[in-house]
Amino acid sequence: MIPGMNPKQMKQMERQMKKMGMKMDDVEGVEEVIIRCRDKDIVISPAEVNIMNVMGSETYQITGNAREVEREVVLEINEEDIELVSNQAGVSKEVAEDALKEANGDLAEAIMKLNQ
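A surface patch of like charges, here positive, comprises K11, R15, K18 and K19. Within the secondary structure, K19 is located in helix α1 (residues 7-19). Accessibility expressed as a relative area gives 68% for K19, which makes it exposed.

Another point: helix α2 (residues 79-89). Of the positions making up α2, those classed as buried are I82, V85, S86 and A89. Seen along its axis, α2 keeps its buried residues to an arc of 100 degrees; they face one direction. Across α2 from its buried face, at more than 90 degrees, point the exposed residues E80 and N87. Taken together, the buried residues of α2 touch α3 (93-102) and α4 (107-115). A side-chain oxygen of the first residue of α2 lies 3.2 Å from the backbone nitrogen of E80; this N-cap is N78. Among the residues trailing α2, G90 stands out with phi positive, at a value near 70 degrees.

The rules behind each value
Residues numbered from 1 in each chain as written. Predicted model: local features only at pLDDT ≥ 70, side-chain atom pairs only at ≥ 80, totals over all residues. Heavy atoms only, no water. Patch = residues over 30% accessible without salt bridge, like charges linked within 9 Å, V, L, I, M, F, W, Y side chains within 5 Å. Areas by Shrake-Rupley, 256 points an atom, 1.4 Å probe, with all protein chains shown as cover. Salt bridge = Lys/Arg side-chain N within 4 Å of Asp/Glu carboxyl O. Lys, Arg positive; Asp, Glu negative; His and termini not counted. Charge placed at Lys NZ, Arg CZ, Asp CG, Glu CD. Helix = DSSP H or I, 4+ residues; strand = E, 2+ residues; numbered from the N terminus. Buried < 20%, exposed > 50% of the residue type's maximum accessible area, 1.4 Å probe, protein only. Arc of directions from axis to C-beta. Contact = heavy atoms within 4.5 Å. Polar contact = N/O pair within 3.5 Å; in protein donor to acceptor, adjacent residues only side chain to side chain.

Following this line, the structure appears as structure tokens:
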């Protein structure tokens, strides 16, 4: 059910949606919804979730209290990248690894900085 709607309004809306080929159902038992972003999570808890189906396409509606939780991004630099930067810039692997970390793993940026 959509918050703030009384049962009569909900019934009218359901009739209108049915005429337009739309269907809405509640998802039962949802405790929280987590949206994962690159650098943070958006946690919606407690959450109410509705699924609206319009001509075969599903849309989810989430209602609840949202809060943001910062995520620590772990940068993984593989040996092939270190070796490539090292060879291209003519530096040691340790210097290449440091340059890759400063460039957030961007190979081209690390090589360009080392070649300056």
